Amino acid sequence: MGEHDANRRFAAEVTVEPDAIARARAHAMELGADPISAPVGAQCAVIAAASKALNIVEIGTGAGVSGLWLLHGSPRATLTTIDVEPEHLGAARQAFASAGVAPARARFISGRGSDVLPRMNEASYDIVLIDADPEGVIEYVEHGLRLVRAGGTVLVPRVLAGGAVADPVRRDPITSAYRSLIQETQSSPAVVGALSITGEGLLQLTTVAAS
């Protein structure tokens, strides 16, 4: 086992997932929802806590796992979760209720992010998490950067595409989209970007206020 693999395994083993999120994860796996990993969820929770997020949007519910991690980090936040699968939204609603999340703190929208995001208010959110339709990730990030306030953060899990992004031979559309997204945002003066290799990877983009 290589050093990076050992580090990832250790991070996964030491991350303590709250019981409500663990239950949501088990249900998500039964549905085939493929939620974000616990180490990535914990990182999202830290970002939500550090930014004192009050308004959060996520595209792709993961049957409630990612939303619960974000609300775990910022217990006063209101979350809008968007998913094309009604069954995943239903599972998320059940998971939030089981975790004691007040109904007023969660809004569930059925639809594709590409249809819903253009109708949402600009500069109105603290965090936008994008975990859906990898082939449209660049478009979603553009919407996300429009929706977050100055100093707000866009989070993109799975951005390493299972190791494909680091392989220069891989040039399929999804891998190329993730690779372009990482490279372009790292050099953009409009954001401060960081790439975490924990779990399945997490791209973090915080917008810079205009001077």
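Rules used in this analysis
Residues numbered from 1 in each chain as written. Predicted model: local features only at pLDDT ≥ 70, side-chain atom pairs only at ≥ 80, totals over all residues. Heavy atoms only, no water. Salt bridge = Lys/Arg side-chain N within 4 Å of Asp/Glu carboxyl O. Helix = DSSP H or I, 4+ residues; strand = E, 2+ residues; numbered from the N terminus. Buried < 20%, exposed > 50% of the residue type's maximum accessible area, 1.4 Å probe, protein only. Pairing = 2+ DSSP bridges. Expected span 1.5 Å × (residues − 1). Arc of directions from axis to C-beta. Contact = heavy atoms within 4.5 Å.

Counted by the stated rule, this structure contains eight salt bridges. Two residues, Asp133 and Arg112, come together in a salt bridge whose shortest N-O distance is 3.1 Å. Of this pair, Asp133 sits in the loop between strand 4 (125-130) and helix 7 (137-147) while Arg112 sits in the loop between strand 3 (106-110) and helix 6 (113-116); the two residues are 21 residues apart in sequence, bridging distant segments of the chain. Glu122 is the partner of Arg146 in a salt bridge, and the nearest nitrogen-oxygen pair spans 3.9 Å.

Turning our eyes to something else, we now look at the environment of Asn7. Along the chain, Asn7 turns up in helix 1 (residues 3-14). Along the primary structure Asn7 and Val148 are separated by 141 residues, whereas in three dimensions their C-alpha atoms are 32 Å apart.

With respect to burial, strand 1 (residues 55-59) is a largely interior element, four of its five residues being buried. Of the strand pairs in this sheet, strand 1 and strand 2 (residues 78-83) are connected by five bridges, and their pairing is parallel. Within strand 2, the residue paired with Val57 across the bridge is Thr80.

Turning our eyes to something else, we now look at helix 5 (residues 86-98). The end-to-end C-alpha separation of helix 5 is 18 Å, in line with the 18 Å expected for 13 residues at 1.5 Å each. Looking at helix 5, one finds that the buried residues are His88, Leu89, Ala91, Ala92, Ala95 and Phe96. Seen from one end, helix 5 has its buried residues packed into an arc of 160°, which puts them on one side. Exposed side of helix 5, more than 90 degrees from the buried face: Pro86, Glu87, Gln94 and Ala97 are the residues found there. Contacts from the buried residues of helix 5 go to helix 2 (19-31), helix 4 (65-73), strand 2 and strand 3.

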